[in-house]
Each structure stands twice: as C-alpha cells, then as structure tokens.
Amino acid sequence: MRASLYLVVLIVTSSAVRSATDDPAPAETAEARAGRVRVTVRANGVLRPSHRHALTAPSEGSATVLAILPEGTKVGRGQPVCRLDASAATEPLIEQMRVVQKAESAWLDAQLAREVAEIAVTEYEVGIYPQDRESANGSIRLAEAALADAEKAVPRAAEELLLARLRAMPAAGSSPVALLGVARLEDRLTLADLELQKARFAVEQAKSKLAVLEKYTHPKKRKELRAAVEKAKTVELTAAQDHELAREKLAILQRQVDACTLVAPADGIVVEADDPPRVGSVVGPGRVLAYVQGADGRMGVSVAIPEHQAELITRGLPTRVTLPGSGPPLAGNVAAITKIAEDGATAEIALTDPLPPTPIGPGMKVDVELTVESPEAGPVVPARAMVWFDGAYRLGVVPAEGDVTWREVEPGLTDGTNLKIASGLAPGEAVVVEPLSRLSEDQRRMFAIAPPPAAGGRRTALAASLLRRLPAPPPDRRGRFYPANLDRLGLDGPERALLREFAEASGVRDDRP
C-alpha cells in the first residue's frame, strides 16, 4: 500500500462503531468513481555522466597506491588505471599454489588406486574365478575316471584270484609255484580294493573343493574386492574435495591479487574521484579511487528521493528534467535505484531527449518531476473518508437502506485529496466523507491523526503499528489513552517515547483523574 495523506486512527476494541446520537444528522457522502490516481514527486537532481564506472579498492583490508593514471587519460577496455600493492596477498598465493599441487597429486594417486581396485574385481570375476572353477571341475573329472578304473580292477583281480585258487587245489595237483601265484593274486586284490577306496575319496574331495569355491571362497573374495573399490572411491572423493577446496582458496587469493589492478571496464576517459588518492597513500576497503567516463559524452541525472516517497519510485518510471534556463523539460525514465537508506533513496535517471546546445556539465543542479500513476483503474474516494480502527483501515459505506457499515479496505495510491482503494470497495458505492460525524463522544476521544502505511516514514509507521497493539482499556476508562496502556505493551526506551510523542501530537490526552 502506498499513500501520502494522514488518516484517522481509532484506538478502539473489536466492538462495532455506533452513531453519535440515536437520530444522527445525514452524513455527507461521496460516490466511489472508477479511475486512476496520479502523484507527482518533485525533487532536486544533479547531472552526471550516464556511463560513468567507479573503480573501487578491494573490499578487504587496506592497500597502498603504487600508480594511478591522471585525469583526462583516454583508456581502452581492460587497460590498467590504478595499481595497488598486492604483496600482502602474493606470498599466500604462492604458498597456496604448492598446496594445490600436492592436493592434485594426492587426487591423481587416489584415482589410480581406485582404478586398480576396479581392475582387480574384473580380473577375479572374469579371469581368476572361472579358472579356479574349471580347475575344480577338472579335478572332479580326473578323480571320477580314476574311480571308474579302480572299480574295474577289483573284479578282474577277484576273478584271477578265483582261477588261481582252482588251479592250486590238491585234486589238480597243485605245486608250490601255483600256491605262490595265489598269494600274489590275493595281494593284488587287496591293492585294487585299496585303490578303489582312494579313488572314491578323491572324487568326494574334488567335489567338496568345488562347493567351497562356489559357496564361500568366491562370494568372500568378491566382497573383499568390491569393499576395496568402495574404500578407494571414498579416498578419491576426499582427495577430490580437498583439491577443490584448495583451488577455491587459490581462486580467492588470485582475485585478491587481481583486484589490486583496477582496469577500465569500457573505453572512456579517466575522471578523478571526489577524494582522489595519491601515489603512496593508503586507501581503505571499498574506497572509490577513480572513474572511467564513457566516451560518448552522454549525461544522466542522480536524484535523491525523500523517505516518505521512496517506495513510490520504480524502474522505468517516466520523468521530466528541467535544466536551469534551458527551455522545455527533457524526458527520461528511472534507470536504476542505486541506494536505499533510512532517509530515502537515490534514483538514477537516463535522459531520452538530447541535451540542448548550452554549456552544461557534471555537477549542474536540475529540477526533476517523477510521475506515479496507479496501474489499474479502480474505485477512487476522498482521502479523508478513510479511518483506522479495530486493527484495519475502513470506510463508512452507506447502503441504499440501513445503517452505515464500517468496511475493511486496502488503500492504494493517493495524491493527498483522492485515494484509490485497492480492494474492499466497488465503483458506485457511497462512502461517508466526514467519518467523525458518525462517532459518539466517547469514540471521538479515542482517535488520533496518523499517516497511512509506507507514506509517513519509519517513525510514524512504527507508531501506528504500536497503536494497533494497544490492549482494550479497563471498562471504567474505556477508549481513553493513558500510560497504563504503555505498561501493558511492555515498551520502554525509544518505542515508549515515540508512542507518547505520537499520541500527544495527535491530540490524545492522558485524562486520568
């Protein structure tokens, strides 16, 4: 909400406002008309080059001026204009370069370790494990072949032993040689049976090795290798972060060194600062050392906007600039708002009309008019029709039949006489022009004159916000303002003094007996 008039502020409870008498006189009313409100802000400005670039000292620490170009020197974009002593940042910069090199070496080592760990995983999964598995399967096949041979050897040895025993029987006329052959065949059968048992054990052992490989050795080795990869990744990430931090610190130091050489941001002419430094002088952070004025010679206007009108000014706002004794005003618009402070703002105006052929230059004082208009048409009422009570801005809306209703509204732009209502009212509705005529005697004691939001400055806006926080007075003194209310707010110091000053200036009395 923007406005520039003073409103009636009522300090009341949430009870409705009633008429002054049981049969009040007809109130003066006005019909809300559809339209716009226009406000003209007048201020004094100063001509300045429109393309003037300030060259400032670094924002950290003090520095000594080593060299600076004289005023009037033509410079090109990127050409050094002023050099400051950068020795304080040069040594840390060199040391940080070493730190960056070490961090980069550690990062590369970590990358290599991670790559080796990943190769080890692939090597095991693709090479070592398949080989171990195939070797185990081969051992099983060999053991099974040996078992098959052993199983065939035992029956053959048993058959040969049986035939030898038949030949060595007494009826067949056995000889000592035949008996010796039987003993040998018995030994052979025993050895064949032993080889069969060994072959069966070898098959079981080969199968067991394959099972251990697949169920335990392979999963364990795979997890170990993958864990090594994850560990290597963590080390690599830490090394990369350390390297990045070292680079960022190096970049900061490099910017500090580079900031000690102030270069022209565009082609132009060197202009001395208001307080020009000299070679060998020490300058503080942020100090303007020189300006580079655009070579086109175009001019602009710097204008100070008062606090209570600062919020009305926006970029693109049309302006009219009057030069002393130079004919009709020049058109322009607000190009930027460069400074906003408690006491107002500074607007930079770009002139769209050419300058007249008269001797003018930077520093010449001019008159500036800035026109502010509500962006959309809406209901417009007399500014004095709006009051404040029950924590809101209100209008006394007069219906076709019935009593006045105090409707909450949102005020918009005002020129001091007319007020555009942003919301809460429609064109064609009638409002009470003099709200005080509708108040009772007790209610009249409760009002104070105060500015609306964003129009009366920080002090009055703060006082208005404090008044909204006042609690309801006791029943026997309802509607009266007195210091006990300040006590209830818990105010002290500047806020208490401000509110008392505001209330007394508005005609509100401490009327305790």
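**Structural notes on the overall build of the protein**
Tallying secondary structure elements over the protein gives seven helices and 25 strands in all. Across the 513 residues in the protein, those meeting the buried criterion constitute 36%. Contacts in the protein between residues far apart in sequence, at least 24 positions, make up 76% of those at least 6 positions apart.

**A few points about the confidence of the model for the protein**
Averaged over all residues, the pLDDT of the protein equals 76, while 70% of them reach at least 70. Averaged over each element, pLDDT in the protein is lowest for strand 1 (residues 7-10) (31) and highest for strand 8 (residues 80-84) (92). In this model residues 1-23 is a low-confidence stretch, pLDDT under 50, and it forms 87 contacts with partners more than four residues away in sequence or in other chains. Segment residues 446-485 is flagged for pLDDT under 50; beyond a separation of four residues in sequence, or across chains, it makes 110 contacts in the model.

**Observations concerning the pattern of salt bridges**
Using the criterion set out here, one finds 10 salt bridges in the structure. A salt bridge links arginine 114 to glutamate 236, with the shortest nitrogen-to-oxygen separation between them at 2.8 Å. Residue arginine 114 is located in helix 1 (residues 87-167), and its partner glutamate 236 is located in helix 2 (residues 176-258); the two are separated by 122 residues in the primary sequence. For arginine 114, a relative accessible area of 17% corresponds to the buried category. The class of glutamate 236 is buried, set by a relative accessible area of 13%. One salt bridge in this structure joins lysine 207 and glutamate 144, with 3.9 Å as the shortest N-O distance.

**Let's talk about the packing of aromatic side chains**
A full pass over the atoms with the stated rule returns one aromatic pair. Taking the centre distance of 6.2 Å and the plane angle of 40 degrees together, the rings of tyrosine 124 and tyrosine 129 count as tilted. The burial state of tyrosine 124 is the same as that of tyrosine 129; both residues are buried.

**Some points on helix 1**
Taking 1.5 Å per residue as the helical rise, helix 1 with its 81 residues ought to reach 120 Å, and the 117 Å between its terminal C-alpha atoms agrees with that figure. Considering bend angle alone, the principal kink of helix 1 is centred on tyrosine 124 and spans about 45 degrees.

**Focus: the sheet that holds strand 12 (residues 288-294)**
The four strands lie next to each other as 5-12-10-7, forming an open sheet whose pairing is antiparallel. In this open sheet, the two strands that pair with only one neighbour each are strand 5 (52-56) and strand 7 (74-75). When strand 5 meets strand 12, the two strands line up antiparallel, connected through five bridges. Pairing of alanine 54 across the sheet is with tyrosine 291, part of strand 12.

**A few points about the sheet that holds strand 23 (residues 418-423)**
Strands sit in the order 3-18-23-22 across an open sheet of four strands; the sheet is antiparallel. The open sheet has two edge strands, strand 3 (33-35) and strand 22 (410-414), and neither has a second partner. In this sheet, adjacent strand axes meet at a mean angle of 50 degrees when their direction is disregarded. Pairing of strand 18 (residues 378-382) with strand 23, which is carried by three bridges, proceeds in the antiparallel orientation. Across the sheet, valine 380 pairs through a bridge with lysine 420, a residue of strand 23.

**A short note on the state of the cysteines**
Using the criterion set out here, one finds zero disulfides in the structure. Summary of cysteine pairing: cysteine 82 is not part of a disulfide, and the nearest cysteine sulfur, belonging to cysteine 260, is at 9.6 Å. For cysteine 82, a relative accessible area of 2% corresponds to the buried category.

**A short note on the side chain of arginine 114**
Within the local environment of arginine 114, its side chain forms a polar contact with the side chain of glutamate 236, the two groups lying 2.8 Å apart. The contacts of arginine 114, once residues within four sequence positions are left out, are Val229, Ala232, Lys233 and Glu236.

**Some thoughts on the pairing of strand 22**
For strand 22, the tally of buried residues reaches four of five residues, placing the bulk of the element in the interior. In the sheet, strand 22 pairs with strand 23 via three bridges, with the strands oriented antiparallel. When the bridges of strand 23 are listed, threonine 414 appears paired with leucine 419. Hairpin remark: strand 22 followed by strand 23, antiparallel, with three residues in the connecting loop; positive phi at glycine 416, about 100 degrees.

**What to know about the environment of glutamine 111**
Relative to the elements of secondary structure, glutamine 111 occurs in helix 1. Sequence-wise, glutamine 111 and alanine 240 are 129 residues apart; in three dimensions their C-alpha atoms are separated by 9.2 Å.

**Points about a nonpolar patch on the surface**
On the surface, Leu162, Leu163 and Leu166 cluster together to form a nonpolar patch covering roughly 280 Å² of accessible area. Relative to the elements of secondary structure, leucine 166 occurs in helix 1.

**Some points on the side chain of threonine 319**
Relative to the elements of secondary structure, threonine 319 occurs in strand 14 (residues 318-322). The class for threonine 319 is buried, based on a relative accessible area of 4%. Among all residues touching threonine 319, those that are not within four sequence positions of it are Leu330, Ala331, Gly332, Asn333, Val334, Ile349, Glu369 and Leu370.

What counts, and where the lines are drawn
Residues numbered from 1 in each chain as written. Predicted model: local features only at pLDDT ≥ 70, side-chain atom pairs only at ≥ 80, totals over all residues. Heavy atoms only, no water. Helix = DSSP H or I, 4+ residues; strand = E, 2+ residues; numbered from the N terminus. Buried < 20%, exposed > 50% of the residue type's maximum accessible area, 1.4 Å probe, protein only. Contact = heavy atoms within 4.5 Å. pLDDT = per-residue confidence, 0-100. Salt bridge = Lys/Arg side-chain N within 4 Å of Asp/Glu carboxyl O. Phe/Tyr/Trp six-rings, centres within 6.5 Å; stacked < 30°, edge-to-face > 60°. Expected span 1.5 Å × (residues − 1). Bend = angle between axes of the 7 residues up to and from the residue. Pairing = 2+ DSSP bridges. Axes fitted to C-alpha atoms, helices over the stretch in contact; angles between N-to-C directions. Disulfide = S-S within 2.5 Å. Polar contact = N/O pair within 3.5 Å; in protein donor to acceptor, adjacent residues only side chain to side chain. Patch = residues over 30% accessible without salt bridge, like charges linked within 9 Å, V, L, I, M, F, W, Y side chains within 5 Å. Areas by Shrake-Rupley, 256 points an atom, 1.4 Å probe, with all protein chains shown as cover.

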